[in-house]
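The chain contents come next:
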Amino acid sequence: MLSNLRYLVGGLYFGFILVKSEVVSWFRIQEMFRFQDFHMFGIIGSAIIVGIISIQIIKRMNIPDIEGNPISIPPKDSSQWKRYIIGGSMFGLGWALLGACPGPIFALLGTGLTIMIIPIVTATFGTWLYGAVRHKLPH
Amino acid sequence: MDFLTEPWPWYIAGPLIGLTVPGLLIMGGKKFGISSNFRHACAACFPGDVDFFHYDWKKEGTWNMIFLTGIVLGGFLAGYVWANPDPVAISAQTVADLQALGINSFEGLVPADLFSWASLGTFEGIMILALGGFLVGFGTRYGGGCTSGHAITGISDLQIASVVATISFFVGGLIMTHIILPLILS
């Protein structure tokens, strides 16, 4: 249990930044999809640049995790295309409507917005329904 | 201690968010991705006879559900204890566009008239909170990830699938913002 404390701290760090950067704001998401400010693009873009550089460093220097295990990143299945286009677009519709992706949904709950319980319940149901019908969907 | 209450600029917040990726990898070889938690919740609570939910969720998901709990705590500290007293400084053009759609409250992080328990009795409230959540939950699992798993981690790992998914996120988001949302709010 104590070894899992690091993930609690990691989540706290991430949730804190999500709120301070206003990534959790429905207004910021609307502004982004209307291309009316650079803020969200700057955040996503600079996060990706830092991510690319750090993954390259980890891979090229074969940096292990703190327990000494080699780090491997399982690739997304690139033999499937339809799921990324259809599922990704569905998520995009929801992201713009709710103004929050999964991390921000929970960060907003923490800010005292108890109404976020509703999207948490319906998102869990959405995931369940996907699991139940996925054999019938194009991937 | 103004940095605790004031919003952070993109060039501070973006790189700090990016550091979550190597942070989780080095902490325990974990791949950053939040939406998997909805699957773990299904597997833990109501797997039914759906094969997609029969796996060792404790082994795969415990760390991530703890991470998620941390996000709630981080939100509490940043948005309740050290909440920014000022409205989100979105562009004047966005304010004007949203006012034209009937949004009137610009005080908090989200429009208060839509994100309240009372709004659940309205068509707009049900669509935004319930349908929005449903599309996020169904879409992320169908698409194999959300903003953290695809847009940040996947692209950081130079995965073409994640580039395709992220472009699709934006296609869906633009359709919602410019075509469907005005219909819902009208």
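These numbers come from a predicted model, not from an experiment. (Residues numbered from 1 in each chain as written. Chains lettered and ligands numbered in written order. Predicted model: local features only at pLDDT ≥ 70, side-chain atom pairs only at ≥ 80, totals over all residues. Heavy atoms only, no water.)

(A) View of the overall build of chain B. Helix and strand content of chain B: nine helices and zero strands. In sequence order, chain B lays out its α and β elements as α-α-α-α-α-α-α-α-α. The buried share of chain B, taken over its 186 residues, is 53%. Here the contacts in chain B between residues at least 6 apart in sequence split such that 43% fall between residues at least 24 apart. Accessible area for chain B stands at about 7700 Å²; split by element, carbon and sulfur atoms hold 68% of it. If you average the places of the 6 positive and of the 12 negative side-chain charges in chain B, the two averages end up 21 Å apart. (Helix = DSSP H or I, 4+ residues; strand = E, 2+ residues; numbered from the N terminus. Buried < 20%, exposed > 50% of the residue type's maximum accessible area, 1.4 Å probe, protein only. Contact = heavy atoms within 4.5 Å. Areas by Shrake-Rupley, 256 points an atom, 1.4 Å probe, with all protein chains shown as cover. Lys, Arg positive; Asp, Glu negative; His and termini not counted. Charge placed at Lys NZ, Arg CZ, Asp CG, Glu CD.)

(B) The arrangement of the overall build of chain A in detail. Along chain A, the regular secondary structure elements total six helices and zero strands. Taking the principal axes of the C-alpha coordinates as reference, chain A spans close to 40 × 40 × 35 Å. Classification of the 139 residues of chain A by burial places 60% in the buried group. Counting only contacts in chain A whose residues sit at least 6 apart along the sequence, the fraction spanning at least 24 positions is 45%. About 5700 Å² of surface is accessible on chain A, with carbon and sulfur atoms providing 69% of the total.

(C) Local environment of the nonpolar core. Grouped together as the largest cluster of nonpolar side chains are 94 residues, with contacts concentrated most on W26 and W95 of chain A together with I17, F67 and F115 of chain B. Look past the residues within four positions of F115 of chain B in its chain and what remains in contact with it is W26, L98, L113, I115 and M116 of chain A together with V110, I128 and L129 of chain B. (Core = buried A, V, L, I, M, F, W, Y, C linked by side-chain atoms within 4.5 Å.)

(D) Broad picture of the interface of chain B and chain A. Listed by partner, the interface residues are 129 residues for chain B and 108 residues for chain A. Carbon and sulfur atoms supply 76% of the area buried between chain B and chain A, which totals about 10500 Å² over both sides. Of the charged contacts, one joins D157 of chain B and K59 of chain A as a salt bridge, the two residues approaching to 2.5 Å between their closest N and O atoms. A per-element tally of the side of chain B that touches chain A places helix α9 (residues 160-185) of chain B first, with 18 residues. Here the side of chain B that touches chain A is composed, by residue class, of 81 nonpolar, 40 polar and eight charged. (Buried area = accessible area lost by both parts, 1.4 Å probe. Salt bridge = Lys/Arg side-chain N within 4 Å of Asp/Glu carboxyl O. Nonpolar A, V, L, I, M, F, W, Y, C, P; charged D, E, K, R; others polar.)

(E) Looking closely at the UniProt feature "transmembrane region" (unreviewed entry) in chain B. Here, UniProt's "transmembrane region" (unreviewed entry) annotation points to residues 12-29, 63-83, 114-139 and 160-185 of chain B. Across residues 63-83 of chain B, helical content stands at 90% and strand content at 0%; the span's end C-alpha atoms are separated by 28 Å. (UniProt positions renumbered as here; feature names shortened; annotations may be inferred.)

(F) Representation of helix α6 (residues 117-133) of chain A. Helix length check: α6 of chain A (17 residues) gives 24 Å between terminal C-alpha atoms against 24 Å at 1.5 Å per residue, within 8%. The inward-facing, buried residues of α6 of chain A contact α4 (82-98) and α5 (102-110) of chain A together with α4 (36-45) and α7 (123-143) of chain B. (Expected span 1.5 Å × (residues − 1).)

(G) Broad picture of the UniProt feature "transmembrane region" (unreviewed entry) in chain A. The positions UniProt marks with the feature "transmembrane region" (unreviewed entry) are residues 7-27, 39-58, 84-107 and 113-133 of chain A. Secondary structure across residues 7-27 of chain A divides into 76% helix and 0% strand, with the first and last C-alpha atoms of the span separated by 29 Å.

(H) Examining empty space enclosed by the protein more closely. By the definition in use, this model includes one cavity of 30 Å³ or more. Elements represented by at least two residues in the lining of the largest cavity include exactly α1 (5-20), α3 (39-60) and α5 of chain A together with α8 (147-156) of chain B. Ranked by the residues each element gives to the lining of the largest cavity, the list is headed by α3 of chain A, at four residues. Of the residues assigned to the lining of the largest cavity, the class counts are 15 nonpolar, three polar and no charged. (1 Å grid on protein atoms, 1.4 Å probe; cavity = no way out; pocket = protein on both sides within 12 Å on 5 of 7 lines; lining within 4 Å. Points joined across faces, edges and corners; volume = space filled by probe spheres on them.)

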